[in-house]
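# Topology and contacts: notes
The chain contents come next:
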Amino acid sequence: MIGSGVSGIAAVREIGAEVPGAHVTWLSADTEAGGLWNASSTCARVYDSLFLNTSRRQSTFHGTRIPVDPWIEFVHHSIYATYLAEVAADCRGVDRRWGHRVTSVSRHADGGWRVAWRDADGHADAACFAAVIDATGRNAEPRWPGVAVDPEPSYEYRHSAAYRNAAPYRGRNVLVVGNGASAVDIACELVGVASGVTVSVRTPKWHLPKMMFGRPVDRSAEGLLGRFPGARRLTAAVAEFVVRKVLGPYPTYGLGVPPSPLAASTPVLNDHFLGDLSHGRIAVRGPVVELGRTAVRFADGEAAFDAVIAATGFRERAVHLPGDVQELLGTGGLGLALEAPGRPALFLMNRFRCGDAAVRCAEVQAAAIGRALRRGQALRPGPLPRPVAPGARITAGVLRGAYAAYQ
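For the protein, an unreviewed UniProt entry supplies the name Flavin-binding monooxygenase and the organism Mangrovihabitans endophyticus.

Helix and strand content of the protein: eight helices and 22 strands. At 22 Å, the protein has a C-alpha radius of gyration in line with the 22 Å of a compact globule built from 407 residues. Its C-alpha atoms give the protein principal-axis dimensions of about 60 × 55 × 40 Å. Within the protein, buried positions represent 48% of all 407 residues.

Let us now look at the sheet that holds strand E17 (residues 288–291). Spatially, the four strands line up as an open sheet ordered E8-E17-E18-E19, and their pairing is mixed. Each end of this open sheet is capped by a strand with a single partner; those strands are strand E8 (148–149) and strand E19 (301–303). Pairing analysis gives three bridges linking strand E18 (residues 296–298) to E19, with the strands arranged antiparallel. Opposite Val296, over in E19, you have Ala303 as the bridge partner.

This part covers the sheet that holds strand E3 (residues 101–107). On the basis of which strands lie adjacent, the open sheet formed by three strands has the order E3-E4-E5 and antiparallel pairing. In this open sheet, the two strands that pair with only one neighbour each are E3 and strand E5 (124–129). Neighbour to neighbour, the strand axes of the sheet diverge by 20° on average, direction disregarded. Taken together, the six bridges between strand E4 (residues 113–118) and E5 define a ladder with antiparallel strand orientation. Bridged to Ala116 within E5 is Ala126.

In a disulfide, the sulfur atoms of two cysteines are held together by a covalent bond. The tally for this structure, following the rule as stated, stands at one disulfide. Residue Cys354 pairs covalently with Cys361 via a disulfide, S to S 2.1 Å. Disulfide Cys354-Cys361: torsion about the S-S bond near 75°, hence right-handed. For Cys361, a relative accessible area of 4% puts it in the buried group. There is no disulfide at Cys43, and the cysteine sulfur nearest it, in Cys354, is 17 Å away. Owing to a relative accessible area of 23%, Cys43 belongs among the partly exposed residues under this scheme.

This brings us to the nonpolar core. Grouped together as the largest cluster of nonpolar side chains are 45 residues, with contacts concentrated most on Trp26, Phe61 and Tyr80. For this core, the element with the most residues is helix H7 (residues 358–374), which contributes eight residues. Counting residues in each nonpolar core, the second largest holds 39 residues, with Trp206, Leu208, Leu262 and Leu277 among its members.

Turning next to the side chain of Thr60. Tracing the sequence through the fold places Thr60 in the loop between strand E1 (24–28) and helix H2 (77–89). At 3.2 Å, the side chain of Thr60 and the backbone oxygen of Arg57 are in polar contact. In this view, Thr60 contacts Arg65, Ile66, Tyr83, Val359 and Arg360; residues no more than four positions away in its chain are not counted.

Turning next to the side chain of His320. For His320, the position within the fold is in the loop between strand E21 (314–315) and helix H6 (323–330). Classification of His320 by relative accessible area gives buried; the value is 10%. What His320 contacts, discounting residues up to four positions off in sequence, is Val102, Thr103, Ser104, Val105, Asp134, Thr136 and Gln326.

In contact at an axis separation of 8 Å, helix H1 (residues 6–18) and H7 are set at 40° when each is read in the N-to-C sense. The angle between the axes of H1 and H7 places the two elements in the oblique class. The crossing of H1 and H7 is right-handed. Residue-level contacts link Val6, Ser7, Ala10, Ala11, Arg13, Glu14, Ile15 and Glu18 of H1 to Ala358, Val359, Ala362, Glu363, Ala366, Ala367, Gly370, Leu373 and Arg374 of H7.

This part takes up the packing of aromatic side chains. Scanning the entire structure with this criterion turns up nine aromatic pairs. With 5.9 Å between their ring centres and 75° between their planes, Tyr47 and Tyr163 make a pair best called edge-to-face. Residue Tyr47 is found in the loop between E1 and H2, and its partner Tyr163 is found in the loop between strand E9 (156–159) and strand E10 (173–177); the two are separated by 116 residues along the sequence. With respect to burial, Tyr47 and Tyr163 carry one shared label: buried. Here Trp206 and Tyr250 contribute two aromatic rings whose centre-to-centre distance is 5.7 Å and whose plane-to-plane angle is 75°, an arrangement assigned as edge-to-face. Here Trp206 is found in the loop between strand E11 (196–200) and strand E12 (207–208), whereas its partner Tyr250 is found in the loop between helix H4 (231–247) and strand E15 (268–269), with 44 residues between them in sequence. Comparing Trp206 with Tyr250, the two get one shared label, buried. A connected cluster of aromatic rings, assembled from ring pairs, spans Trp37, Phe61, Tyr80 and Tyr83.

How each quantity is defined
Residues numbered from 1 in each chain as written. Predicted model: local features only at pLDDT ≥ 70, side-chain atom pairs only at ≥ 80, totals over all residues. Heavy atoms only, no water. Helix = DSSP H or I, 4+ residues; strand = E, 2+ residues; numbered from the N terminus. Rg over C-alpha atoms; globule rule 2.2 N^0.38 Å. Buried < 20%, exposed > 50% of the residue type's maximum accessible area, 1.4 Å probe, protein only. Pairing = 2+ DSSP bridges. Axes fitted to C-alpha atoms, helices over the stretch in contact; angles between N-to-C directions. Disulfide = S-S within 2.5 Å. Core = buried A, V, L, I, M, F, W, Y, C linked by side-chain atoms within 4.5 Å. Polar contact = N/O pair within 3.5 Å; in protein donor to acceptor, adjacent residues only side chain to side chain. Contact = heavy atoms within 4.5 Å. Parallel < 35°, antiparallel > 145°, perpendicular 65-115°, else oblique. Left-handed = near helix turned anticlockwise from the far one by under 90°. Phe/Tyr/Trp six-rings, centres within 6.5 Å; stacked < 30°, edge-to-face > 60°.

Below is the structure:
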């Protein structure tokens, strides 16, 4: 098992339940569990004010709970990191080798997999395994805007991965490139200290408050209605109608109309963004065309800024995996499959953006892997699930259907 974030924890829990007596070696470059949510992690993606965008109930592993007051629906990242560490600590009977960075995974002559790693002191070691689960995920390296950038801009230019709080931007005019969850969170936080805040939008998204009618929006499909065929489509259609009536047309906030229906999209949840737009605290510009030396050129003009923050996401960089697997992941060719073609028993988790809480997708993937390991064979479905279409919303329900071939 490689990785101690949400997917890694889900896999170890599932193996413990499905494959009793299995010998599990748990490798992680970090010394504490949590992955992206662990502020001390080598791949931490948290900033001081970050709260979960998924509700408490949706963000917990089966059979566990986050110990907070029942009226708290969205928890701070530090609380969630503590929760993940406690769940990981409850995974018994595994050989933990944390603080050990995996350097390579290669096919062994006997058909298994050879995994090599180094500890914190640089000492190298390796072992062979019947199966390997890689849960290092897809958020390893910042993705920058795909535009021309002057080598010596007069403004500060950095990625949101380096953002921790708004203090360094006090009194400055700031551009945030992107309108996803991190971009919106950062822009709203900057409103309190910056002299000006602008967001650059390439593809319009659905923007919703976290709570509607006294319930978290990610729990709107729960209850009796969700048990009937077609109910989710009906619920999504009703939800989109309600959103349009309650929030009004997005162009009234200066935003474009989302190109896909709500049911096929992963909405951005924030309680302040639309209000900040309507009060003029955040300005909206079109896509960035060029980051010049003294000004930023947009599709709809240009403007000068003191700082530019690229909140444009992350990309795959699993350099320890076989070269052909890295290439497949880099092109998105894996799709929803859990194994690369010709690489049985090398399971790859969290290689797409989950449209639900990450725990929900992780548990479905872990269950499919657990079934395969219980039977002592690799997953060999007929056709592998198709690659993920750009912008498609992948939920736990979608995964259950895709992995029916893995039964």
